[in-house]
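# Examination of the molecular architecture
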Amino acid sequence: MASRISAWPLIQTLILVTFASISPQLADARAFFVFGDSLVDNGNNNYLITSARADSPPYGIDYPTHRPTGRFSNGLNIPDIISEQLGMEPTMPYLSPFLKGDKLLVGANFASAGVGILNDTGIQFFNIIRIGKQIEYFQQYQTRVAGQIGGDQTRALVNQALVLITLGGNDFVNNYYLVPFSARSRQFSLPDYVRFLISEYRKVLTKLYDLGARRVLVTGTGPLGCVPAELAQRSRGGECAVELMRAAALFNPQLTEMISSLNSEIGADVFVAANTYTMHMDFVSNPQAYGFVTSKRACCGQGPYNGIGLCTPLSNLCPNRDLYAFWDPFHPSERANRIIVQQILTGDNKYMKPMNLSTILAMDSRT
């Protein structure tokens, strides 16, 4: 145990050195577009009447303003950290009234907590921006920018942009497994449901390509059965929930296969599969090696593993968020997000296929 803990300063140093060496590669800032769910939402749901919100303390306790922003994090989330490490401005929520003028040229975050690949995912949250609507907003964004810089420059901006999309987890935890005998679980066996999700996700990615996206990072699901919320509901002794782990084990390899097939069809490596399952499992299975005291108990919450309900001002709150892999019952802490982004940037084929983000940046810098 002691030897694993003492390894953390070396890991931390390597991460800092790696990031320092990557940032200068990006000579000219590119736009950044984000699609997906609460893992990447940076505040769109603040502008909606929905229960899927992170706009009250202690969310944002470690954000630079120390105030809630709508991010489901104690501080920065994955797109924030990608922007930070590439020397770009963070993207603003598309629904923000402050996203206008030159701010539009930075890109936009269209993500909305609670959404999935399917339109019936997250229906309990009522008013959220489903993925079809996020793509519609992307089209609207391009029209707005074209009015500012012209159609040709807008197409170039979108073609050269980095895109991140994170979907799939909610289609299991907030749909198929939301309640016993859910509508989708009665309609599909789990293997058939996964195949259906993958076929629908392919349509989403194809639409992004048709709208000009050429550099798209696609994350898989994390280890769904290991998050504190599922441990609290489904685990007796702290073991990960078997059925949700089976779902992730079926979904993620098929997502990678679908991405490879789509790239072959296009004739270019447009889509990059980020194996966020393995990225999470590294610190979930061995938290001490990454400087965490636990990967089972959330920093903020209540009940077993702090995994029941929402993170609220009345919840249990840990004093040092950096020691916890999970911030709330479902979402990683900022420190965990930084470990994930490090693998997105520099991870080998175990984590990123067919290439990592630093390779993409190096290739693009030569064209």
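The rules we used
Residues numbered from 1 in each chain as written. Predicted model: local features only at pLDDT ≥ 70, side-chain atom pairs only at ≥ 80, totals over all residues. Heavy atoms only, no water. Disulfide = S-S within 2.5 Å. Helix = DSSP H or I, 4+ residues; strand = E, 2+ residues; numbered from the N terminus. Pairing = 2+ DSSP bridges. Contact = heavy atoms within 4.5 Å. Axes fitted to C-alpha atoms, helices over the stretch in contact; angles between N-to-C directions. Buried < 20%, exposed > 50% of the residue type's maximum accessible area, 1.4 Å probe, protein only. Right-handed = clockwise from strand over helix to strand, strands pointing away. Left-handed = near helix turned anticlockwise from the far one by under 90°. Nonpolar A, V, L, I, M, F, W, Y, C, P; charged D, E, K, R; others polar. pLDDT = per-residue confidence, 0-100. Polar contact = N/O pair within 3.5 Å; in protein donor to acceptor, adjacent residues only side chain to side chain. Core = buried A, V, L, I, M, F, W, Y, C linked by side-chain atoms within 4.5 Å. Phe/Tyr/Trp six-rings, centres within 6.5 Å; stacked < 30°, edge-to-face > 60°. Lys NZ or Arg CZ within 6 Å of the ring centre and 35° of its normal. Salt bridge = Lys/Arg side-chain N within 4 Å of Asp/Glu carboxyl O.

### Considering the state of the cysteines
Using the criterion set out here, one finds three disulfides in the structure. Here Cys-226 pairs with Cys-240 through a disulfide, and the sulfurs are 2.0 Å apart. Its torsion about the S-S bond being 105°, the disulfide of Cys-226 and Cys-240 is classed as right-handed. Of this pair, Cys-226 sits in the loop between β4 (216-219) and α9 (228-234) while Cys-240 sits in the loop between α9 and α10 (242-266), and the two are 14 residues apart along the sequence.

### Some details on the sheet that holds β4
Taken in spatial order, the six strands of this open sheet run β2-β1-β3-β4-β5-β8, and their pairing is mixed. Since the sheet does not close on itself, it has two edges, and those belong to β2 (107-109) and β8 (352-353), each with one partner. Pairing of strand β5 (residues 271-274) with β8 involves two bridges; the strand directions are antiparallel. The residue of β8 that forms the bridge with Ala-274 is Met-352. Sitting on the sheet, α10 touches β4, β5 and β8, and the angle it makes with β5 is about 165°.

### Overview of the pairing of strand β1 (residues 32-36)
Within β1, five of the five residues are buried, which leaves it mostly tucked inside the rest of the structure. Two elements, β1 and β2, share three bridges in a ladder whose sense is parallel. In the sheet register, Val-34 faces β2, and the bridge partner there is Asn-109. Each parallel crossover has a hand, and the one from β1 via helix α3 (residues 78-85) to β2 is right-handed.

### Looking at the packing of helix α8 (residues 190-210) against α10
Two numbers describe how α8 lies on α10: the axes approach to 9 Å, and their chain directions differ by 35°. The interaxial crossing formed by α8 with α10 has right-handed handedness. Grouping the constituent residues of the contact of α8 with α10 by class yields 16 nonpolar, three polar and five charged.

### Some thoughts on the confidence of the model for the chain
Parts of the model with low pLDDT should not have their predicted coordinates read in detail. Averaged over the chain, the pLDDT score is 92; the fraction of residues at 70 or greater is 92%. Of the regions scoring below 50 in pLDDT, residues 1-27 engages in 32 contacts with residues more than four places distant in sequence or in other chains.

### Notes on the environment of Arg-30
Within the fold, Arg-30 resides in the loop between α2 (8-22) and β1. Put simply, Arg-30 and Glu-89 are 59 residues apart on the chain and 9.8 Å apart in space, counted from C-alpha to C-alpha. Setting aside anything within four residues of it in sequence, one finds Arg-30 in contact with Met-88, Val-106, Gln-160, Ala-161, Leu-162, Arg-215, Leu-361 and Asp-364. A distance of 3.3 Å separates a polar atom in the side chain of Arg-30 from the backbone oxygen of Gln-160.

### Quick look at the nonpolar core
Of all hydrophobic cores here, the largest spans 70 residues; its most connected members are Phe-33, Tyr-141, Ile-165, Phe-172, Tyr-201 and Leu-205. With nine residues, the single largest contributor to this core is α8. Counting 40 residues, the second-largest nonpolar core is a separate cluster that includes Leu-86, Met-88, Phe-292 and Met-352.

### A look at the packing of aromatic side chains
On inspection of all chains with the given rule, the structure shows 18 aromatic pairs. A ring pair is formed by Phe-35 and Phe-138, whose centres lie 5.3 Å apart and whose planes are at 80°; its orientation type is edge-to-face. Residue Phe-35 is located in strand β1, and its partner Phe-138 is located in helix α4 (residues 131-149); the two are separated by 103 residues in the primary sequence. Look at Phe-35 and you get buried, because its relative accessible area is 0%. Ring centres 5.8 Å apart and planes at 75° place the aromatic pair Tyr-59 and Trp-327 in the edge-to-face group. Of this pair, Tyr-59 sits in the loop between β1 and α3 while Trp-327 is found in the loop between β7 (316-317) and α12 (334-346), placing the two residues 268 residues apart along the sequence. Here Tyr-59 and Trp-327 have matching classes, each one buried. A network of ring pairs unites the aromatic residues Phe-33, Phe-35, Tyr-94, Phe-110, Tyr-137, Phe-138 and Tyr-141 as a single cluster. The lysine or arginine in question, Arg-335, covers the ring of Phe-292, its NZ or CZ lying 4.4 Å from the ring centre.

### Focus: the pattern of salt bridges
Using the criterion set out here, one finds 16 salt bridges in the structure. Here Lys-203 makes a salt bridge to Glu-200, at a shortest N to O gap of 2.9 Å. Taken together, the positions of Lys-203 and Glu-200, both in helix α8 and three residues apart, correspond to about one turn of that helix. For Glu-243, the salt bridge goes to Arg-246, with nearest N and O atoms at 3.6 Å. On the criterion of helical spacing, the pair formed by Glu-243 and Arg-246 is a turn pair, its members being three residues apart in helix α10. The class of Glu-243 is partly exposed, set by a relative accessible area of 37%. With relative accessibility at 37%, the residue Arg-246 sits in the partly exposed group. Linked through salt bridges whose partners overlap, the residues forming this network are Arg-30, Arg-215 and Asp-364.

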